[in-house]
Amino acid sequence: MSELLWQKSSFSGSNEGGNCVELAAGADDLRHLRESDDPTLIVTTSTAELRAFLLGAKAGEFDHLT
């Protein structure tokens, strides 16, 4: 995977080394997600799939899993 420009969530705070979700745009409409405490584990998805997941999470579609 080529060099990706990772962006840290604005909700993660400013502490260095804190747990946070990072997002990077890739080629061909792909989005990459990782957690800062394990940057070697990367989840890759399309923009449309990520959008659908986020909308579902905001709508409470996954609340029964907690």
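Fair warning: this is a prediction, and the values are worked out from it, not measured in the lab. (Residues numbered from 1 in each chain as written. Predicted model: local features only at pLDDT ≥ 70, side-chain atom pairs only at ≥ 80, totals over all residues. Heavy atoms only, no water.)

Participant: Would you explain the overall build of the chain in this entry?
Facilitator: The secondary structure content of the chain amounts to one helix and four strands. Sequence-ordered secondary structure for the chain, helices as α and strands as β, is β-β-β-β-α. Within the chain, the fraction of its 66 residues that count as buried is 21%. When the accessible area of the chain is evaluated, it comes to approximately 5200 Å², of which 55% is carbon and sulfur surface. (Helix = DSSP H or I, 4+ residues; strand = E, 2+ residues; numbered from the N terminus. Buried < 20%, exposed > 50% of the residue type's maximum accessible area, 1.4 Å probe, protein only. Areas by Shrake-Rupley, 256 points an atom, 1.4 Å probe, with all protein chains shown as cover.)

Participant: How should I be thinking about the pattern of salt bridges in this particular structure?
Facilitator: Pairs may arise between side chains of opposite charge once their charged atoms sit close together. Taken as a whole and judged by the stated rule, the model has one salt bridge. A salt bridge links Glu 22 to Arg 34; its shortest N-O distance comes to 2.5 Å. Of this pair, Glu 22 sits in strand 2 (residues 21–25) while Arg 34 sits in strand 3 (residues 30–35), and the two are twelve residues apart along the sequence. For the pair formed by Glu 22 and Arg 34, the shared burial category is buried. (Salt bridge = Lys/Arg side-chain N within 4 Å of Asp/Glu carboxyl O.)

Participant: Please clarify how the sheet that holds strand 3 should be interpreted in this entry.
Facilitator: Neighbouring strands of a sheet are bound in pairs by backbone hydrogen bonds; such pairs are parallel or else antiparallel. Spatial strand order, 1-2-3-4: four strands in an open sheet with antiparallel pairing. Two strands in the sheet have a free side with no partner beyond their single neighbour: strand 1 (7–8) and strand 4 (38–46). Packing against the sheet, helix 1 (residues 47–58) makes contact with strand 2, strand 3 and strand 4, and its axis sits at approximately 100° to strand 4. (Pairing = 2+ DSSP bridges. Contact = heavy atoms within 4.5 Å. Axes fitted to C-alpha atoms, helices over the stretch in contact; angles between N-to-C directions.)

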